[in-house]
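Below, each chain spelled out in residue letters.
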Amino acid sequence: MMNEKPTLKSLLETSAGKKLLLLGKEQIFTQKEIARFLKRFKVTPVKYLEEGVVGVIENHRLNPVEEDISNEAYEQKLPIYKLSVFEQLLSEEIDDDALLMAIKLGNDQERIVRLLGNEHLSNALFVRLLKLYTFHTEEEDNRQDRDVIMFTLRRYIDIKPNEEDLLYSYLTLRRLATEATDPELLKALLYFPNFEFLIRGREKVTLQKTIARNPFIDEETVRKLLATRKVAVARALAGNSVISNEVQKYLLSQDDEAIDMALAVNNTIDKTIFDALLTRGNEAVSLLLIHQPIDASRFEKVRKSGIDAEQYALLGANEMLDTDVIESLAAMENKALWQMLAGNKTIPVQVLASLYEKGGREVYLALAKNPAVPEAILESLYERAADDTEMLAALAHNPSLPEAKLRALFERDNFEINRGLATNAALPPELLDVLKIDTRLQNELAQNEQLAKSYEAVLKQNKAMMNV
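Only a predicted model underlies this, so the values are computations on that prediction, with no experimental measurement involved. (Residues numbered from 1 in each chain as written. Predicted model: local features only at pLDDT ≥ 70, side-chain atom pairs only at ≥ 80, totals over all residues. Heavy atoms only, no water.)

**A word on the pattern of salt bridges**
Stated precisely, the cut-off is as follows: Within this document, salt bridges are pairs made up of a side-chain nitrogen of Lys or Arg and a carboxyl oxygen of Asp or Glu, the two lying within 4 Å of each other. Segments assigned H or I by DSSP are reported as helices when at least four residues long, segments assigned E as strands when at least two residues long, and all are numbered from the N terminus.
Inspection of the entire model under this criterion finds 31 salt bridges. Measuring nitrogen to oxygen at the nearest pair gives 3.0 Å for the salt bridge that ties E444 to R419. In this pair, E444 sits in helix α29 (residues 442-445) while R419 sits in helix α27 (residues 415-423), placing the two residues 25 residues apart along the sequence. Connected through salt bridges with shared partners, the residues K131, E184, K187, D218 and E220 form a single ionic network.

**Focus on empty space enclosed by the protein**
Just so we agree on the cut-off: Both site types are read off a 1 Å grid over the protein atoms alone. A 1.4 Å probe that fits but cannot get out defines a cavity, while an open set with protein on both sides within 12 Å along at least five of seven lines defines a pocket; lining residues have an atom within 4 Å of a point. Grid points are joined across faces, edges and corners, and a volume is the space filled by probe spheres set on the points. Residues are sorted three ways: Asp, Glu, Lys and Arg are charged, Ala, Val, Leu, Ile, Met, Phe, Trp, Tyr, Cys and Pro are nonpolar, and all the rest, Gly among them, are polar.
This model, assessed by the stated rule, comprises one cavity of 30 Å³ or more. Estimated volume of the largest cavity: approximately 60 Å³. Lining the largest cavity are L22, L23, G24, K25, E26, I34, K47, I57, N59 and L83. Counted by class, the lining of the largest cavity contains five nonpolar, two polar and three charged residues.

**As for the side chain of Q208**
Convention followed: Residue burial is assigned from relative accessible area. The probe radius is 1.4 Å, only protein chains are included, and a residue is buried under 20% of its type maximum, exposed over 50%, and partly exposed in between. By definition in these notes, contact holds between two residues if any of their heavy atoms fall within 4.5 Å.
When you line up the elements, Q208 lands in helix α11 (residues 207-213). Q208 sits in the buried class, given a relative accessible area of 12%. In this view, Q208 contacts L190, N194, L225, T228, K230 and V233; residues no more than four positions away in its chain are not counted.

**Points about the sheet that holds strand β4 (residues 80-82)**
Convention followed: Strand pairing is assigned whenever DSSP identifies at least 2 bridges connecting the two strands. The axes are straight lines fitted to the C-alpha atoms, using for helices just the contacting stretch, and the angles between their N-to-C directions are given from 0 to 180°.
Spatially, four strands are ordered β2-β1-β3-β4 in an open sheet, and the strand pairing comes out parallel. Either end of the sheet is taken by a strand with one partner, and the two such strands are β2 (44-46) and β4. The sheet shows a mean angle of 30 degrees between the axes of neighbouring strands, taken without regard to direction. As defined by bridge partners, strand β1 (residues 19-23) adjoins β2 across three bridges and the pair is classed as parallel. Bridge assignment links K19 to a residue of β2, and that residue is T44. On the sheet, helix α3 (residues 64-75) packs against β1, β3 (53-58) and β4 and is oriented at approximately 140 degrees with respect to β1.

**Things to note about the packing of aromatic side chains**
Stated formally: We call Phe, Tyr and Trp rings a pair once their centres come within 6.5 Å, taking the six-membered ring for Trp, and we label the pair stacked below 30 degrees between planes, edge-to-face above 60, and tilted otherwise. Definition used: whenever NZ (Lys) or CZ (Arg) falls within 6 Å of the ring centre and also within 35 degrees of the ring normal, the charge is taken to sit over that ring.
A full pass over the atoms with the stated rule returns seven aromatic pairs. Considering the side-chain rings of F37 and F41, the 5.4 Å spacing of their centres and the 75 degrees angle between planes classify their relative orientation as edge-to-face. Considered together, F37 and F41 belong to a single accessibility category, that of buried residues. Measuring from centroid to centroid gives 6.0 Å for F126 and Y156, while their planes differ by 65 degrees, and the two rings are edge-to-face. Residue F126 is located in helix α7 (residues 123-132), and its partner Y156 is located in helix α8 (residues 143-156); the two are separated by 30 residues in the primary sequence. For Y156, a relative accessible area of 23% corresponds to the partly exposed category. An aromatic cluster is built from F37, F41 and F86, whose rings are joined through pairwise contacts. The ring of Y81 is capped by K5, whose NZ or CZ atom sits 4.6 Å from the centre of that ring. The cationic tip of K405 hangs over the ring face of Y382; the distance from NZ or CZ to the ring centre is 5.4 Å.

Now the structure itself:
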């Protein structure tokens, strides 16, 4: 029975005074770093097969001479290990604090780049090293900078073999800044150049602005972002629900319309900021009415604020209204408000029924699209519609409409009605398959949740098949 090859660590731990043969070029670690590591075990690295060698470390690329030495070592039954196994062991044995102190003292940028390319390092050490790297801001395209960015993207973004080109796109860096959940990584990304991204060919967004929108930033990162004194960054921060009340008040004091609008959609603002925003520009007030939780106290503030009936009606679209506030709104004589309430899927059934009784075409159209409306009311609206294409198209959007009615609408073969049906996740699959052929409905089909889920399922299945 052949002797089982020992693990590399156990070999080193039992080989004091012996030698380790290293064949091929070192990669992540230098000869000095390797020798320093082996010194802990009192093992000496050598380049030739000589007396006292107890094991071999091999790079996957060897020159002809090294190949001959490797064959001789094999014939002598010496245990042979891949260089990657040795690098992983060395990486696991690193003293993070000692390593970082040495790098700081020497400002060894070359060593930082090498280590950042080491996939065996922990994420915590990787991020600490990333903060120590200095980007070459004077150079437009520096090789080391590109390598550091690619090391970062490869570590945190799931890149498939056929998607390697994503590593060369700075838009992937924006994706990382958007999706990252590690506060320390987000902080490290602030040390990167403030790249500018063109989104959908229109909006320009910087890396700092993207980080400012991420809900996982911590207080230190918020302070660093504020220290940039960039209005665009402040505006992005204002809408982030993780910023403190103190920071919110500071941003409010900037008296900037865009910052006010961002604060208005931040549902963590307190009474003081809410009251202050009610006195600001119309855009901020409108957003405030739609996006903020409204209880009796806030409702009273809004009621006394003197806003006009049209803007007041926006409250009806708010999905965070207290029950007593909803009842008060429904009782008001404001048809625009009724319409907003009728289209709000969070409104209680009894209130929706009362709106149906109030009547009015705009209210009926809003009710027709609302999935929270009881089936009996939808049936009634369908019967009332007769050949009213606009009403039928509105009903076609509604996933709560009974299947028989959806099939009847499909049979009408009306383009406007089909536009509604194409968005409807409750439409029977065989009918949806027919609509998918109509290229004019691509925008509407893109909104269909059922279709989106089916595509996702196919992608997952293909991925599973590829893995198999």
